[in-house]
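Each chain is listed here by its residues.
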Amino acid sequence: MFDTLSDRLTAALQTLSRKGRLSDADIDATAREIRIALLEADVALPVVKEFIARIKDRAKGAEVSQALNPAQQVIKIVNEELVGILGGETRRLNLAKNPPSVIMLAGLQGAGKTTLAGKLAMWLKKQGHAPMLVACDLQRPNAVTQLQVVGERAGVVTFAPEPGNGVGDPVDVARRAIEEAKHAQHDIVVVDTAGRLGVDEELMKQAADIRDAVQPDEILFVVDAMIGQDAVTTAQAFRDGVGFTGVVLTKLDGDARGGAALSVREVTGQPILFASNGEKLEDFDTFHPDRMASRILG
Ligand code: GDP
């Protein structure tokens with residue numbers, strides 16, 4: 001996904017390595033190149049501005065180093081700042097002291113929530129947990145069946161309203177699911193919620209009602225990295241409407257520019273916990289800011 005960005009940044013930094021000493025003008029020129037590369041990759045403007053200002057500041061103020069030549073020093077600064085906008089440290093999942101822990105998924109329709117529920121369940125199972133999926137997306141006719149299918153593939157139980165009982169109330173389903181989890185000794189409950197094509201108030205209220213009913217330990221905002229700048233506006237809408245404690249980036253295997261997804265952490269202040277990079281249940285892992293930064297810097 002970040003190939004073009006990666007090429008552009010590498011090229012911008014390589015120009016420096018041909019120089020012995022760096023003048024302020026050299027640093028300004030490189031900062032300009034980096035700025036263009038980030039903007040073309042769709043990184044949000046306020047994030048780019050802040051990033052460039054920090055790079056210039058640090059690069060110009062850098063002490064002469066015995067170990068690193070000036071170009072290496074700038075590369076190190078860019079790397080550290082990139083790790084910073086991606087969240088710094090790897091953030092682990094927050095789990096409850098008294099199980100079951102509740103993880104609620106929120107996001108637009110098509111973001112990859114249902115697929116993620118299966119991925120997360122399988123990943124949790126591998127870590128020795130006994131997760132249960134809960135179908136609270138009762139809007140889309142196929143959503144419950146789709147969750148049951150991914151649940152089966154992941155080898156976990158899916159709690160869903162009985163067929164034939166009408167549309168059902170997602171808040172009631174969520175509540176009953178928690179009781180069932182306690183009873184059947186599932187230590188983690190993953191709640192899938194309804195998504196709409198666009199942000200809408202009814203969706204936000206429903207998600208907020210489910211949140212209030214089940215008091216999640218984590219609310220994960222699931223965002224498709226391919227949707228460009230909309231990733232940032234959608235994230236802000238979910239932050240204000242439901243609130244979330246972490247972000248999951250999906251479709252990182254796509255060929256869109258993806259920079260907007262890189263802005264979500266900085267814009268919302270919430271960490272990226274996981275990344276999805278394919279349709280298979282295995283295409284999923286913990287998000288490591290340092291590894292992602294190294295990948296982007298080539
Ligand atoms: P939901 O509406 O948020 O529940 O989204 P779904 O889980 O139904 O996913 C929507 C589509 O995106 C499906 O076709 C998934 O197979 C696909 N999808 C989900 N995650 C990924 C991913 O990481 N990479 C790719 N390429 N496709 C994905």
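Thresholds, definitions, all that
Residues numbered from 1 in each chain as written. Predicted model: local features only at pLDDT ≥ 70, side-chain atom pairs only at ≥ 80, totals over all residues. Heavy atoms only, no water. Salt bridge = Lys/Arg side-chain N within 4 Å of Asp/Glu carboxyl O. Helix = DSSP H or I, 4+ residues; strand = E, 2+ residues; numbered from the N terminus. Buried < 20%, exposed > 50% of the residue type's maximum accessible area, 1.4 Å probe, protein only. UniProt positions renumbered as here; feature names shortened; annotations may be inferred. Axes fitted to C-alpha atoms, helices over the stretch in contact; angles between N-to-C directions. Left-handed = near helix turned anticlockwise from the far one by under 90°. Contact = heavy atoms within 4.5 Å. Nonpolar A, V, L, I, M, F, W, Y, C, P; charged D, E, K, R; others polar. Expected span 1.5 Å × (residues − 1). Arc of directions from axis to C-beta.

Trainee: Before we go on, may I ask you to explain the pattern of salt bridges in this structure?
Mentor: One side chain can pair with another of opposite charge once the charged atoms of both are near each other. In total, this model carries 16 salt bridges according to the counting rule given. D28 is the salt-bridge partner of K60, the closest N and O atoms lying 2.8 Å from each other. Placement of K60 in helix α3 (residues 45-61) and of D28 in helix α2 (residues 24-40) is noted, with a sequence separation of 32 residues between them. The class for D28 is partly exposed, based on a relative accessible area of 22%.

Trainee: So what exactly am I meant to see when it comes to the UniProt feature "domain: SRP54-type proteins GTP-binding" (unreviewed entry) in the protein chain here?
Mentor: The feature "domain: SRP54-type proteins GTP-binding" (unreviewed entry), as annotated in UniProt, sits at residues 271-284 in this numbering. For residues 271-284, helix accounts for 0% and strand for 43%, while the C-alpha atoms at its two ends are 17 Å apart.

Trainee: Sorry if this is basic, but what is going on with the packing of helix α9 (residues 230-241) against helix α10 (residues 259-268) here?
Mentor: Each pair of packed helices can be described by the angle between their axes along with the distance between the axes. Where α9 contacts α10, the axes come no closer than 9 Å and their chain directions differ by 35°. You can see that α9 and α10 cross each other, and the crossing is right-handed. Within the contact between the two elements, α9 uses A231, V232, A235, Q236 and R239 and α10 uses A260, S263, V264, V267 and T268. A breakdown of the residues in the contact of α9 with α10 according to their chemical character gives six nonpolar, three polar and one charged.

Trainee: Could you clarify how one ought to interpret α9 in this entry?
Mentor: Two residues of an α-helix separated by three or four positions point the same way, owing to the 3.6 residues in each turn. Helix length check: α9 (12 residues) gives 16 Å between terminal C-alpha atoms against 16 Å at 1.5 Å per residue, within 8%. Those residues of α9 lying buried are A231, V232, T234, A235 and F238. Within α9, the buried residues cover an arc of 165° as seen down the axis, which keeps them to one side. Against β1 (101-106), α8 (201-214), β5 (218-224) and α10 lie the buried residues of α9. Positioned one or two residues after α9, G243 has a phi angle of 85°, which is positive.

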